[in-house]
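The chain contents come next:
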Amino acid sequence: MRGNLSPRCATVGLMCIAATVGRNGKNDRDDVRTVQLLLQMNAPQAAPAVPANGKCGAGTVTAIELYQHGVLGGFDIAGLITPEAANDPRQGSTLRALRQGMATGFSAARLQGIFIHAPASTIVRFFAPLVAAMAAAEIASLLRRSHFLAQVGHESGELRYTEEIASGVAYEGRKDLGNTQPGDGKRFKGRGLIQLTGRANYIAFGKTVQTDFTTGDTCKQIADDAALAIQAAVWFWQTHALNALADKDDVLTITRKVNGGTNGLEDRKRLLARAKWFLEPVAPAPATLPKVQAGEDDACDLSAADVVF
């Protein structure tokens, strides 16, 4: 995303929270919201339901305690959730159980976990066309999905922006982008989930979807139509053969292909770690086997149905 409005950046390992959540925890807003979403995704084992508002009040602490007592069998009842630590298996026990308790498959709820800053309504708007477009482009493995979502997430501010914030005047006269006519810089500024930029790219993408994006205000459709915004990103991904780089887990080269440099690399790594955490298949713990899969999206206040692909 152009315009430097990316959320808090941090290079992290394969984890979904950075600090403690719960009684006497650090309770960073993003971490708290992540835990609240995980508790929702673990319904009915996790009760009572708590809103995913990022505020760790008495209700959230109680929900953590009840989950720890009921699902973990009293192993951890401090009302505090710690991040996972590779060098200490005692850390993150509740978090691991919550991860194991999520319903299988790529769902709107999991997408919300990855894009923690996106409103629930935005997740619902993009989820179904995103699933369809990714499947058609063979973005189906853990690494391909994770890298694609990490790049899309950074470029779009976690689905919140489908049009470049800057005016586009910087692209005026850029013949390498096909901007040969006066006003092309503004008309063909970055749009879509991976900021399609320049007259030449608009024409090339238009041929793929059999649409002319160079007349009138048709260029704006790539930002306004969720399906087109996704298709533009997938088109860029395919034309630059990024599945092959994703297979190699090469976030640096993918970032250079998408960005032209390494702007936002740490945030892309952060999103990549979250995507892997939420998408990697994990064997369910015995205590969470009775989980009712159909209740996941309802518990997360998301109306889109679970989709497995």
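Calculation notes
Starting afresh in each chain, residues are numbered from 1 along the sequence in its written order. Only residues with pLDDT of at least 70 get local features here, since the model is predicted, and only at 80 or more are side-chain atom pairs given and counted; chain-wide, interface and lining totals rely on the full set of residues. Only heavy atoms go into the side-chain values, all of them from the structure, while hydrogens and water stay out. Here an axis means a line fitted to C-alpha atoms, over the contact stretch when the element is a helix, while the angle between two N-to-C directions is reported on a 0 to 180 degree scale. Counting from the N terminus, the helices are DSSP H or I runs at least four residues long and the strands are E runs at least two residues long. Roughly parallel covers angles under 35 degrees, roughly antiparallel covers those over 145, roughly perpendicular covers 65 to 115, and oblique covers all other angles. Crossings are classed by handedness, with left-handed meaning an anticlockwise turn of the near helix from the far one by less than a right angle and right-handed meaning a clockwise turn. Working rule for contacts: check all heavy atoms of both residues, and any pair within 4.5 Å makes them a contact. Note on residue categories: nonpolar means Ala, Val, Leu, Ile, Met, Phe, Trp, Tyr, Cys or Pro, charged means Asp, Glu, Lys or Arg, and polar means any other residue, Gly included. Per-residue confidence from the predictor is given as pLDDT, running between 0 and 100. One less than the number of residues in a helix, times 1.5 Å, gives the span that helix is expected to have. To sort residues, take the accessible area from a 1.4 Å probe on protein chains only and compare it with the maximum for the residue type: under 20% means buried, over 50% means exposed, and anything in between is partly exposed. A side-chain nitrogen of Lys or Arg and a carboxyl oxygen of Asp or Glu constitute a salt bridge if their distance falls within 4 Å. In protein, a polar contact means a hydrogen-donor-capable atom and an acceptor-capable atom, both N or O and within 3.5 Å, with residues adjacent in sequence counting only if both atoms are side-chain atoms; elsewhere, any N or O pair within 3.5 Å suffices. Here a Phe, Tyr or Trp ring, Trp counted by its six-membered ring, pairs with any other such ring whose centre lies within 6.5 Å, and the pair is stacked when the planes are under 30 degrees apart, edge-to-face when over 60, and tilted otherwise. A ring has a charge above it when a Lys NZ or an Arg CZ is no more than 6 Å from the ring centre and no more than 35 degrees off the ring normal. When we speak of the arc, we mean the arc of directions from the helix axis to the C-beta atoms.

A. Geometry of the packing of helix α5 (residues 120–136) against helix α10 (residues 226–239). Between α5 and α10, the least distance of the axes is 9 Å, while the angle of their chain directions is 40°. Our classification of the angle between α5 and α10 gives oblique. Both α5 and α10 take part in a crossing whose hand is right-handed. Touching Arg 125, Phe 126, Pro 129, Leu 130 and Ala 133 of α5 are Ala 226, Ala 227, Ile 230 and Val 234, all from α10. The residue makeup of the contact of α5 with α10, split by class, is eight nonpolar, no polar and one charged.

B. Highlighting the confidence of the model for the chain. In the predicted model, the chain carries a mean pLDDT of 87, and the fraction of residues at 70 or more is 86%. Overall, residues 287–301 carries pLDDT values under 50, and its contacts beyond four positions in sequence, including any with other chains, amount to 42 contacts. Segment residues 303–309 is flagged for pLDDT under 50; beyond a separation of four residues in sequence, or across chains, it makes 27 contacts in the model.

C. Main features of helix α1 (residues 29–41). With 13 residues, α1 should cover 18 Å at 1.5 Å per step; its first-to-last C-alpha distance of 18 Å lies within 8% of that length. Burial analysis of α1 places twelve of its 13 residues in the buried class, which makes it a mostly covered element.

D. Seen up close, the pattern of salt bridges. If you walk through the whole model with that rule in mind, you get twelve salt bridges. Between Glu 163 and Lys 189 there is a salt bridge, with its nearest N and O atoms 3.2 Å apart. Pair noted here: Glu 163 is in the loop between α6 (142–155) and α7 (184–187) and Lys 189 is in the loop between α7 and α8 (199–209), with a separation of 26 residues, a long-range link. Lys 276 is the salt-bridge partner of Asp 249, the closest N and O atoms lying 3.0 Å from each other. Within this pair, whereas Asp 249 is found in the loop between α11 (242–247) and α12 (251–259), its partner Lys 276 is found in helix α13 (residues 265–279), the two being separated by 27 residues in sequence. Looking at Asp 249, the relative accessible area reads 35%, which means it is partly exposed.

E. Highlighting the environment of Glu 158. In this structure, Glu 158 sits in the loop between α6 and α7. Residues Glu 158 and Phe 115, spaced 43 residues apart in sequence, show a C-alpha to C-alpha distance of 5.4 Å.

F. Main features of the side chain of Gln 36. Tracing the backbone shows Gln 36 in helix α1. Side-chain polar atoms of Gln 36 contact the backbone nitrogen of Asn 53, separated by 2.9 Å. Within polar-contact distance, the side chain of Gln 36 engages the side chain of Thr 60 at 3.1 Å. In contact with Gln 36, not counting residues within four places along its chain, are Val 50, Pro 51, Ala 52, Asn 53, Gly 54, Lys 55 and Thr 60.

G. Looking closely at the packing of aromatic side chains. In the structure shown here, the tally under the stated rule is six aromatic pairs. Seen in terms of ring centroids, Phe 106 and Phe 127 are 5.5 Å apart; in terms of plane orientation they differ by 75°. Their pairing is edge-to-face. Separated by 21 residues along the polypeptide, Phe 106 in the loop between α3 (93–100) and α4 (108–114) and Phe 127 in helix α5 bring together distant segments of the chain. Just as Phe 106 is buried, Phe 127 falls in that class too. Between the aromatic rings of Phe 205 and Trp 235, the centroid separation amounts to 6.0 Å while the plane-to-plane angle is 55°, which identifies the pairing as tilted. A residue pair is termed long-range when its members are at least 10 positions apart, and Phe 205 in helix α8 and Trp 235 in helix α10 qualify at 30 residues. In this structure Trp 235 comes out as buried when scored by relative accessible area, which is 12%. Ring pairing ties together the aromatic residues Phe 205, Phe 213 and Trp 235, which thus form one cluster. Seen from the ring of Trp 277, Arg 99 lies directly overhead, with NZ or CZ sitting 4.9 Å from the centre.

H. Representation of the side chain of Gln 151 in the model. As for its position among the elements, Gln 151 is in helix α6. Among the polar contacts listed, one links the side chain of Gln 151 to the side chain of Arg 268, at a separation of 2.7 Å. Not counting residues within four places of it along the chain, the set of residues in contact with Gln 151 comprises Trp 237, Val 251, Ile 254, Thr 255, Val 258 and Arg 268.

I. Quick look at unusual backbone geometry. Residue Pro 44 follows Ala 43 across a cis peptide bond; omega there is 5°. Mapped onto the secondary structure, Pro 44 falls in the loop between α1 and α2 (58–71). With phi around 55°, Asn 27 is a residue other than glycine that occupies positive phi space. Along the chain, the position of Asn 27 falls in the loop between β1 (21–22) and α1. On the basis of relative accessible area, Asn 27 is assigned to the partly exposed category, the value being 24%. Positioned with a positive phi, Glu 158 is a non-glycine residue whose angle comes to about 60°.

J. View of α2. Between the first and last C-alpha of α2 there are 20 Å, a value that for 14 residues agrees with the 20 Å anticipated at 1.5 Å per step. Of all the positions in α2, only Thr 60, Val 61, Ala 63, Ile 64, Tyr 67, Gln 68 and Val 71 are classed as buried. The arc that holds every buried residue of α2, seen down its axis, measures 160°, which confines them to one face. The exposed set on the far side of α2, more than 90 degrees from its buried face, consists of Ala 58, His 69 and Gly 70. Looking at the buried positions of α2, the neighbouring elements they touch are β1, α1, β2 (80–81) and α3. Directly beyond the C-terminal end of α2, a positive phi value near 65° is found at Gly 73.

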